[in-house]
Amino acid sequence: MLEERAGTTGPNWTLAYDSFEPEQEGLREALTSTGNGYFCTRGTLAWAEADGVSYPGTYTHGGFNRETTIMNGVPVLNEDLVNLPNWLLLELRIEGEEAVDMSNVELLSYRHEYDVRNAALRRVSRFRDRAGRETTLETRRFVSMADMHQAAMQWTVTPENWSGRVEVISSLDGRVTNGGVARYSRLEGRHLDPVSPRTFGPEIIALEARTRQSRIYVAEAARTRVYGEDGGVLDVRRGLYQMQDYIHQVLSFEVEEGRPARIEKMVSFYTSRDSAINEPLTNAGKAVGRYGTYEEAFERHARAWDELWDVCDVLVPRDDRVQLLLRLHISHVLQVCSPHTADLDAGVPARGLNGEAYRGHIFWDELFIYPFLNFRLPEITRGLLMYRYRRLNEARAAAKEAGYEGAMYPWQSGSDGQEETQTVHLNPKSGRWEPDLSHNQRHVSADIFYNIWRYYEATGDFEFLLDYGAEMMLDIARFWASIAHYNPERDRYEIHGVMGPDEFHEKYPGSDEEGLRNNAYTNVMVAWLSEISLEVLDLLTERHRKALSARIGLTDDEVGTLEEMSRKMFVPFHGDGIVSQFEGYEDLEELDWESYREKYGNIQRLDRILKAEGDDPDKYKLTKQADAVLLFFLFPSDVLRRLFERLGYDYEPEMVRKNVDYYDGRTSHGSTLSFIAHAGILAGIHPESSWTRYMVALESDVGDVQGGTTQEGIHMGVMAGTLDLIQRGYLGTEIRDGTLYFDPKPVGNLDGLSFPMRFRGTPLEVTLEGGELRVAAQADGLNQPVKVGVNGTVEEIEAGESHTFVL
Ligand code: BGC
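Predicted model, so just to flag it, every value in this text is computed and none were measured. (Residues numbered from 1 in each chain as written. Predicted model: local features only at pLDDT ≥ 70, side-chain atom pairs only at ≥ 80, totals over all residues. Heavy atoms only, no water.)

Undergrad: Report on the overall build of the chain, specifying residues and quantitative values.
TA: The number of helices and strands found in the chain is 21 helices and 34 strands. Here the C-alpha atoms of the chain give a radius of gyration of 27 Å, agreeing with the 28 Å that 2.2 N^0.38 yields for 807 residues. With respect to the principal axes defined by its C-alpha atoms, the chain has extents near 90 × 70 × 60 Å. When the 807 residues of the chain are sorted by exposure, 62% land in the buried category. Taken as a whole, the chain presents about 29,100 Å² of accessible surface, with 45% of it coming from carbon and sulfur. Between the averaged position of the 85 positive side-chain charges in the chain and that of its 130 negative side-chain charges there is a distance of 3 Å. (Helix = DSSP H or I, 4+ residues; strand = E, 2+ residues; numbered from the N terminus. Rg over C-alpha atoms; globule rule 2.2 N^0.38 Å. Buried < 20%, exposed > 50% of the residue type's maximum accessible area, 1.4 Å probe, protein only. Areas by Shrake-Rupley, 256 points an atom, 1.4 Å probe, with all protein chains shown as cover. Lys, Arg positive; Asp, Glu negative; His and termini not counted. Charge placed at Lys NZ, Arg CZ, Asp CG, Glu CD.)

What follows is the structure, given as structure tokens:
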């Protein structure tokens, strides 16, 4: 039981709200969702349907469906992560009156809690109904980390001043649609067709639905029981109602004043994409019939989370707020990416599995998510990278269609890996649909390359490289070699027609051509990956190299081009050592930031503001999020120096500060990912201002700093990014030549910081305290000694031993 496990409850493990506030409910539903890396459900009130306050949503990895909307006579196709049948529905009717909801009772007390450690939800309310009856209702729920198909709800109803008859209505509802994001309301939201409801014996109801176009079958079964005070199952009267896309059971029984009655709804969830099943509905019914009680299930679930916390917790003993938020982020990252995920055909939806923003698509945000997993649960990264590998042919087809070689991954990816970026999007500021050119963010292919290499560096998983990684990397490199062209006047390679991570600049002002010339982020990434491609080829045996080259059609000429590109990519500069975000950036107009701040307050989404004013963001020196400066975040400065010098450009240490200063004043941080990058870079040069930004990132979802976005889904990149920043930014973790280096930065709040890590298979415990860094390597039979470097000293630490570095 929760309370019995010392040190696992308390303020640093609980996110709690003490009043019911309708306008906050959407945000809280996202923050108190429950999930297990296979499916996830928003923390919605059990009896609520989508009604403008509540929004029940259940989503599973890969549960996509495409639908066409006719907009002004034009068919617009979109792929959405489908909101699946609502399994939560439980309603309480007292003495035959209308079912209790927030509008027909007076709340006497209320608490809505998220148990961070167990990703479990609890609400306790005491209310008085219209007849003056006072009742306490405690509700609990979780989606099991132990059994991926299992979810469970428990209600304890205590009549405080009355006795009488109650009815509990337990339903499965397939009538749900995708309607969670107001901006998308004109787009088709119907994704499910009913299949059939059915029962399995007297206690179990079940429902199956099918996604309309992609034909994924989804089945849920629920067994609802009432338990008396002695723990025995009460023999209740049951009534049944069913229609094609909905089924419910009504359980009626007597309750007595002061005597709690317990109701448990155990649920199973299956889809036709599952392994080891016969067919979803049969398996859902079979599974739920075998489930024990809520407590038994919770016990197993909590044990599974214990195992995860053992390898994922980050201890920050001097700062309770930071401690709570870090754990909240770990909990949410694991709700979306758990060991269960590793076995699925799943990518990481940018907004997790608890909202419909960005339609559940998978972007480049993995870049910010994998580093945390690489050092703790690398098998999850491996599984997620396989999502990309399985879509390599689609990326090859996309490259070919665009006239290129190799593999060009889509900016937004969904079911089969084709480009899912919408062609038009609604500007909520103006109410107008505007063209969306963001698919030109070709850098996503470079980011995937980077992710594979970092996974390999952290794990040493050479087999992955051999079997899958090298193939993806080299085909990505071939794409870059073909999209780049040689400019003899400059004696440089250039890339035109692309966008960087800054989505405010889509093209040159007034131009009809999409994209920009020589985005610095893209070009430097390409220079880097060109060189790493050669290193990857060197790692392979002659036989493998030949086989792989033959398989993907890699020619000696291409290898030669990559070698040249690693030395001759063009990087634009202006002023005194400022890396131009793209060629021609310096010719753009300066924006009067103050006047916009005065006029609009929050100007994070300056693009929408400017477009609504009839102006054009392309005209100005403004940036949505870290773009050129991201390079200083992704590469340690000595690596970057080497990269620039290899390209024949000067690199002075001052460049970091200069560039961050320059772009900081011109960045609206319209994506919270930007705070991660800026905090990370500043950790080494301005710890205080780094920490201020870090806190913005850390508080961004819990405080919904973007005003309404978190209710549409948590931000996975930022949540995981804040965790990575601890290791990368503040401990200065980096891998070079098989050695794990630390370069801790002086941030007061982090004194006493400690966390487990895994480096190349060996579990480590890292502690920063009183000016010392202690690294202990754990022994579990197979572990190799690890090389750890701090301040120029490299120590080889044997498994079972530790070393303390004085800083
Ligand atoms: C950001 C992108 C990000 C996407 C999904 C956008 O607002 O600009 O960089 O990939 O959100 O998180």
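Undergrad: Provide a residue-level description of the sheet that holds strand β7 (residues 90-94), including the pertinent values.
TA: Spatially, the 4 strands line up as an open sheet ordered β7-β12-β17-β16, and their pairing is antiparallel. A strand with exactly one partner marks an edge of an open sheet, and here the two such strands are β7 and β16 (237-243). For this sheet, the mean angle separating the axes of adjacent strands, direction not counted, is 20°. Examined bridge by bridge, β16 and strand β17 (residues 246-255) share 7 bridges and lie antiparallel to one another. When the bridges of β17 are listed, Y241 appears paired with H248. (Pairing = 2+ DSSP bridges. Axes fitted to C-alpha atoms, helices over the stretch in contact; angles between N-to-C directions.)

Undergrad: Could you give an account of the domain arrangement of the chain, naming the residues involved and the relevant values?
TA: Along its sequence, the chain is organised into domain 1 (2-308) and domain 2 (377-668). On a C-alpha basis, the centroid separation for the pair domain 1 and domain 2 is 42 Å. Taken together, the contacts link 9 residues of domain 1 with 11 residues of domain 2. Where domain 1 abuts domain 2, roughly 910 Å² becomes buried across the two surfaces, and 59% of that area is made up of carbon and sulfur atoms. Contact with domain 2 buries surface across domain 1, with R66, E79 and R183 losing the most and accounting together for 48% of the total. Scanning the region where domain 1 abuts domain 2 turns up 2 salt bridges. Of the charged contacts in the structure, one is a salt bridge between D416 and R66, with a shortest N-O distance of 3.0 Å. On inspection of domain 1 and its partner domain 2, the count reaches 4 residue pairs in polar contact (both at pLDDT 80 or more). Of all elements in the fold, only β5 (64-71) and β6 (74-81) reach the threshold of two or more residues within the side of domain 1 that touches domain 2. The element that contributes the greatest number of residues to the side of domain 1 that touches domain 2 is β5, accounting for 3 residues. Tallied by class, the residues present in the side of domain 1 that touches domain 2 amount to 4 nonpolar, 1 polar and 4 charged. (Domains from an automatic or database assignment. Contact = heavy atoms within 4.5 Å. Buried area = accessible area lost by both parts, 1.4 Å probe. Salt bridge = Lys/Arg side-chain N within 4 Å of Asp/Glu carboxyl O. Polar contact = N/O pair within 3.5 Å; in protein donor to acceptor, adjacent residues only side chain to side chain. Nonpolar A, V, L, I, M, F, W, Y, C, P; charged D, E, K, R; others polar.)

Undergrad: So what's going on with the packing of aromatic side chains? Residues and values would help.
TA: The tally for this structure, following the rule as stated, stands at 41 aromatic pairs. Ring pairing ties together the aromatic residues Y358, F363, W364, F368, W411, Y521 and F633, which thus form one cluster. Directly above the aromatic system of F200 lies the positively charged group of R198, at a separation of 3.7 Å from the ring centroid. Across the ring face of F570, the terminal group of R490 is positioned such that the distance to the ring centre comes to 3.9 Å. (Phe/Tyr/Trp six-rings, centres within 6.5 Å; stacked < 30°, edge-to-face > 60°. Lys NZ or Arg CZ within 6 Å of the ring centre and 35° of its normal.)

Undergrad: Describe the sheet that holds strand β10 (residues 134-143), naming the residues involved and giving the relevant values.
TA: Taking strand neighbours across the sheet as the criterion, the 9 strands line up as β1-β8-β9-β10-β11-β18-β15-β14-β13 in an open arrangement whose pairing is antiparallel. Taken across any chain shown, the strands that pair with only one partner, and hence form the sheet edges, are β1 (14-17) and β13 (192-200). Adjacent strand axes in the sheet meet at a mean angle of 15° when their direction is disregarded. For strand β8 (residues 106-115) and strand β9 (residues 120-128), the ladder comprises 9 bridges, and the chain directions are antiparallel. Within β9, the position partnered with L107 by the bridge is F127. Of the strands in this sheet, β1 and β8 are in contact with helix α4 (residues 320-336), which crosses β8 at around 75°.

Undergrad: Lay out the pattern of salt bridges in plain terms, naming residues and giving numbers.
TA: Taken as a whole and assessed by the stated rule, the structure comprises 76 salt bridges. Across the pair R175 and E49 runs a salt bridge, and its minimum N-O distance is 3.8 Å. Taken as a pair, R175 in the loop between β12 (164-173) and β13 and E49 in the loop between β3 (39-41) and β4 (58-60) lie far apart in primary sequence, 126 residues in all. Take E49: its relative accessible area is 44%, and that puts it in the partly exposed class. For the salt bridge of E229 with R259, the shortest nitrogen-to-oxygen distance reads 3.1 Å. Here the residue E229 occupies a position in the loop between β15 (217-227) and β16, and R259 occupies one in the loop between β17 and β18 (261-271), the gap between them amounting to 30 residues.

Undergrad: Can you tell me about the confidence of the model for the chain, naming the residues and giving the values?
TA: Considering every residue of the chain, the mean pLDDT works out to 95; 99% of them sit at 70 or more. Confidence over residues 1-6 falls short of pLDDT 50; this stretch has 12 contacts with residues more than four positions distant or in other chains. (pLDDT = per-residue confidence, 0-100.)

Undergrad: Could you give me a rundown of the nonpolar core, with the residues and numbers involved?
TA: Counting 175 residues, the largest nonpolar core has W364, W480 and F742 as the members making the most contacts within it. Looking at this core, you find at least three residues from each of domain 1 (2-308) and domain 2 (377-668). Look past the residues within four positions of W364 in its chain and what remains in contact with it is W411, H443, V444, D447, P501, Y521, Q625, L630 and L673. Counting residues in hydrophobic clusters, the runner-up holds 50 residues, among them F20, A222, L251 and F269. (Core = buried A, V, L, I, M, F, W, Y, C linked by side-chain atoms within 4.5 Å.)

Undergrad: Any chance you could break down the packing of helix α10 (residues 462-483) against helix α11 (residues 520-539) for me, citing the residues and the numbers?
TA: Interaxial distance between α10 and α11 falls to 10 Å at its minimum, and their mutual angle equals 135°. Our classification of the angle between α10 and α11 gives oblique. Judged by the sense of rotation from one axis to the other, the crossing of α10 with α11 is left-handed. Residues F462, L465, A470, M473, L474, A477 and W480 of α10 form the contact with α11, whose participating residues are T522, V526, L529, I532, S533, V536, L537 and L539. (Parallel < 35°, antiparallel > 145°, perpendicular 65-115°, else oblique. Left-handed = near helix turned anticlockwise from the far one by under 90°.)

Undergrad: Tell me about the site of the ligand, and name the residues and values.
TA: In the vicinity of the ligand, the contacting residues are A350, Y358, F363, W364, D365, W411, E503, K624, Q625, S671 and L673. Within the side chain of K624, one N or O atom sits 2.9 Å away from an oxygen atom of the ligand. Its free accessible area being 310 Å², the ligand has 94% of it covered by the protein chains. A per-class count over the shell around the ligand returns 6 nonpolar, 2 polar and 3 charged. (Near = heavy atom within 4 Å.)

Undergrad: So what's going on with the pairing of strand β14 (residues 204-211)? Residues and values would help.
TA: Of all 8 residues in β14, 7 are buried, a share of seventy percent or more. The turn joining β13 and β14, which pair antiparallel and follow one another in sequence, is formed by 3 residues; a positive phi near 70° is taken by G201. In this sheet, β15 lies alongside β14 in antiparallel orientation, the contact comprising 7 bridges. In the sheet register, I205 faces β15, and the bridge partner there is A222. In this structure, the hairpin formed by β14 and β15 is closed by a connection of 5 residues, where R215 is found at a positive phi of approximately 55°.

Undergrad: Can you lay out helix α21 (residues 716-730) for me, pointing to particular residues and giving the numbers?
TA: Its 15 residues place the ends of α21 20 Å apart at the C-alpha level, agreeing with the 21 Å of an ideal helix rising 1.5 Å per residue. For α21, the principal kink sits at D724 and spans about 40°. Most of α21 sits out of view: 15 of its 15 residues are buried. One or two residues past the end of α21 sits G732, with phi positive at roughly 60°. (Expected span 1.5 Å × (residues − 1). Bend = angle between axes of the 7 residues up to and from the residue.)

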